[in-house]
Amino acid sequence: MQIIEYFSSPEKERLIEKIEASGWTAGRFLGELLRNGTFFDMLGGTGEVFLLMDGDDLASFLTLTGQDSIRDETMTPWVGFVFTFPQHRGHRYAGILLEHAEKMAASRGHQRLYIATDHVGLYEKYGYTYLENRIDYWGSDERILFKELG
């Protein structure tokens, strides 16, 4: 298994196709943001897409960005678009990527990392704590969780 970063990869088009092949609505939206060059505009001006590769096969991906679906400049950075392909589930691959994103955020001096989700129990097993519910950019009620990085 190897973690690569989308924007550092020379194979961007191939990686977009793999992300979009997730069949997940948010994965297709992420692919659209990358393909159209609107990723940074939509997600707070900064960000990375981390991909966990099993050889040539994309096992899992997530983003680490300045903003996410909850618009609050006091809350940054955010993990988003967390997805593991069905055939790779059960191995905690999302946890590997979460840990990588946490280390990256901490190395940049951030004390907390946030995530907006409708899942209950998934991120808590990785050390995230429920903060509150808020209405996101699209009008959906989302749970906000955080993790202390220090």
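Since we're looking at a predicted model, the values are computed, not measured. Within each chain, residue numbers correspond to sequence positions counted from 1 in written order. Local features in this predicted model are restricted to residues whose pLDDT is 70 or higher, and side-chain atom pairs enter the listing and the counts only when it is 80 or higher, whereas totals over whole chains, interfaces and linings include all residues. To get the side-chain values, take all heavy atoms of the structure and skip hydrogens and water.

Participant: Could you give me a rundown of the pattern of salt bridges, with the residues and numbers involved?
Facilitator: In what follows, salt bridge is the name for a side-chain nitrogen of Lys or Arg lying within 4 Å of a carboxyl oxygen of Asp or Glu. Throughout the structure, instances matching the rule amount to 11 salt bridges. Residues Arg-35 and Glu-13 are paired through a salt bridge, measuring 2.7 Å at the closest nitrogen-oxygen approach. Taken together, the residues Arg-35 in helix α2 (residues 25-36) and Glu-13 in helix α1 (residues 12-20) connect sequence positions 22 residues apart. Take Glu-13: its relative accessible area is 40%, and that puts it in the partly exposed class. Salt-bridge contacts for Glu-48 lead to Arg-108; the nearest nitrogen and oxygen are separated by 2.8 Å. Remark: Arg-108 occurs in the loop between α4 (93-107) and β5 (112-117) and Glu-48 occurs in strand β2 (residues 47-54); sequence separation between them is 60 residues. The classification of residues rests on relative accessible area computed with a 1.4 Å probe and restricted to protein chains. Under 20% of the type maximum is buried, over 50% is exposed, and intermediate values are partly exposed. Residue Glu-48 is classed as buried on the basis of its relative accessible area, which comes to 15%. Put simply, DSSP marks the helices as runs of H or I at least four residues long and the strands as runs of E at least two long, and each gets a number from the N terminus on.

Participant: Describe the layout of surface pockets, with residues and values.
Facilitator: Considered as a void within the structure, the largest pocket measures approximately 810 Å³ in volume. Every residue lining the largest pocket is counted, 31 residues in all, and those nearest its centre are Trp-24, Phe-81, Val-82, His-119 and Tyr-123. Breaking the lining of the largest pocket down by element, the ones donating at least two residues are α2, β4 (78-84), α4 and β5. No other element matches the five residues that β4 contributes to the lining of the largest pocket. Residue classes in the lining of the largest pocket are distributed as 15 nonpolar, nine polar and seven charged. The definitions used throughout rest on a 1 Å grid laid over the protein atoms alone, on which a cavity is an enclosed set of points accommodating a 1.4 Å probe that cannot get out and a pocket is an open set flanked by protein within 12 Å on both sides along at least five of seven lines; lining residues are those having an atom within 4 Å of a point. Grid points are joined across faces, edges and corners, and a volume is the space filled by probe spheres set on the points. Side-chain classes follow a simple rule in which Ala, Val, Leu, Ile, Met, Phe, Trp, Tyr, Cys and Pro form the nonpolar group, Asp, Glu, Lys and Arg form the charged group, and the remainder, Gly included, forms the polar group.

Participant: Let's hear about α4: which residues, and what values?
Facilitator: By this rule, a helix spans an expected 1.5 Å times one less than how many residues it contains. Over its 15 residues, α4 runs 21 Å from end to end, which matches the ideal 21 Å to within 8%, given 1.5 Å per residue. All of the buried residues along α4 are Tyr-93, Ala-94, Gly-95, Leu-97, Leu-98, Ala-101, Glu-102 and Ala-105. Elements that come into contact with the buried residues of α4 comprise β1 (2-5), β2, β3 (57-65), β4, β5 and β7 (141-148). Backbone geometry just after α4 places Gly-109 at a positive phi near 90 degrees. Only heavy atoms enter the contact rule, under which two residues are in contact if any of them lie within 4.5 Å.

Participant: Tell me what's going on with the packing of aromatic side chains, and back it up with residues and numbers.
Facilitator: Pairing of aromatic rings covers Phe, Tyr and Trp, the last counted by its six-membered ring, and requires centre-to-centre distances within 6.5 Å; plane angles under 30 degrees mean stacked, over 60 mean edge-to-face, and any other angle means tilted. Under the criterion given, the structure shown has 14 aromatic pairs. Between Tyr-6 and Phe-7, the ring centres sit 4.8 Å apart and the planes meet at 80 degrees, which makes this aromatic pair edge-to-face. Judged by relative accessible area, which is 4%, Tyr-6 ranks as buried. You can call Phe-7 partly exposed: its relative accessible area is 27%. Measuring from ring centre to ring centre gives 5.1 Å for Phe-83 and Phe-85, while their planes differ by 85 degrees; the resulting arrangement is edge-to-face. Phe-85 matches Phe-83 in its accessibility class, with the two residues each being buried. Grouping aromatic residues by their ring pairs yields a cluster made of Tyr-6, Phe-7, Phe-39 and Phe-40.

Participant: Give a detailed account of unusual backbone geometry, specifying residues and quantitative values.
Facilitator: Omega for the bond connecting Thr-76 with Pro-77 falls within 30 degrees of zero, at -5 degrees, which places this linkage in the cis form. Structurally, the position occupied by Pro-77 is in the loop between β3 and β4. Not every positive phi belongs to a glycine, and Phe-81 is a case in point at roughly 50 degrees. Mapping Phe-81 onto the fold places it in strand β4.

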